[in-house]
Amino acid sequence: MTHSPFRHFGSVLWKKRPIHLTFFVTKRCNSKCPFCFYLTPTLLNEVKKTEHQKELSLDEIRNISANMGSLLWLAFSGGEIYLRDDLAEISSVFYKNNKPAIMLYPTNGMMPDVIRHKTE
């Protein structure tokens, strides 16, 4: 199915709804970048203790997506997004419900095999 490149034209001009979403999928990360806000002692201990217990479930994500309307740009964020086992399912939910023209998957690149597998 093809989408018109102009389908978001009205949203951009009249800005009635958000057209960009940065969606945090996880706090988990396999890197310790010195500039990361997750490295403050409190947050680092919380992330280590809870791991992925506080991540949104796929059903919660479906509910958020279902209430967003169409998007021009969707950027996943976190920690390292490829640590989510259900990243492909999350992507599918947003693609089906919100039809973003651009989906951004930033990564630290430390797991090339996992990244390649999940992206395919």
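The structure under discussion appears in the preceding block.
Structure report, in brief. Since the structure is predicted, the reported quantities are computational estimates derived from the model, not experimental observations. (Residues numbered from 1 in each chain as written. Predicted model: local features only at pLDDT ≥ 70, side-chain atom pairs only at ≥ 80, totals over all residues. Heavy atoms only, no water.)

What follows concerns the nonpolar core. If you look at the biggest cluster of nonpolar residues, it comprises 17 residues, and the most contacted ones within it are Leu21, Phe23, Leu74, Phe76, Ile90 and Phe94. It is helix α4 (residues 87-98) that provides the largest number of residues to this core, a total of four residues. When residues no more than four places from it in sequence are discounted, the contact partners of leucine 74 are Leu21, Phe23, Phe94, Pro100, Ile102, Met103 and Leu104. (Core = buried A, V, L, I, M, F, W, Y, C linked by side-chain atoms within 4.5 Å. Buried < 20%, exposed > 50% of the residue type's maximum accessible area, 1.4 Å probe, protein only. Helix = DSSP H or I, 4+ residues; strand = E, 2+ residues; numbered from the N terminus. Contact = heavy atoms within 4.5 Å.)

So, about a nonpolar patch on the surface. Side chains of Trp73, Ile102 and Leu104 sit close together on the surface and give an oily, nonpolar patch of about 230 Å² of accessible area. Looking at where tryptophan 73 falls in the secondary structure, it is placed in strand β2 (residues 73-78). We classify tryptophan 73 as partly exposed; its relative accessible area is 30%. (Patch = residues over 30% accessible without salt bridge, like charges linked within 9 Å, V, L, I, M, F, W, Y side chains within 5 Å. Areas by Shrake-Rupley, 256 points an atom, 1.4 Å probe, with all protein chains shown as cover. Salt bridge = Lys/Arg side-chain N within 4 Å of Asp/Glu carboxyl O.)

Moving on to the pattern of salt bridges. Evaluation of the coordinates by the stated rule reveals six salt bridges. Because the salt bridges share partners, they merge into one network encompassing Arg28, Glu55, Arg84 and Asp86.

Among the secondary structure elements, asparagine 30 is positioned in the loop between β1 (20-26) and α2 (41-50). Each C-alpha atom, one on asparagine 30 and one on glutamate 80, is 6.9 Å from the other, the two residues being 50 residues apart in sequence. The residues contacting asparagine 30, other than those within four sequence positions of it, are Glu80, Leu83, Asn108, Met110 and Met111. Here asparagine 108 takes part through its side chain, which lies 2.8 Å from a polar atom of the side chain of asparagine 30. (Polar contact = N/O pair within 3.5 Å; in protein donor to acceptor, adjacent residues only side chain to side chain.)

So, about the pairing of β2. Walk down a regular strand and you will see the side chains alternate between the two sheet faces. With five of six residues buried, β2 lies mostly within the body of the structure. When β1 meets β2, the two strands line up parallel, connected through six bridges. When the bridges of β2 are listed, histidine 20 appears paired with tryptophan 73. Across three bridges, the pairing between β2 and strand β3 (residues 102-104) is parallel. Among the inter-strand pairings, alanine 75 is bridged to a residue of β3, identified as leucine 104. Following the backbone out of β2, through α4 and into the adjacent parallel β3, one traces a crossover that is right-handed. (Pairing = 2+ DSSP bridges. Right-handed = clockwise from strand over helix to strand, strands pointing away.)

Taking 1.5 Å of rise per residue, the twelve residues of α4 would be expected to cover 16 Å, and the 16 Å separating its terminal C-alpha atoms lies within 8% of that figure. Taken together, the buried positions of α4 are Leu87, Ile90, Ser91, Val93, Phe94 and Asn98. All buried residues of α4 project into a common sector of 160° when viewed along the axis, lining one side. Buried positions along α4 lie against β1, α3 (58-66), β2 and β3. Remark: lysine 99 follows α4 within two positions and exhibits a positive phi of approximately 45°. (Expected span 1.5 Å × (residues − 1). Arc of directions from axis to C-beta.)

Coordinates in, geometry out; function isn't part of it.
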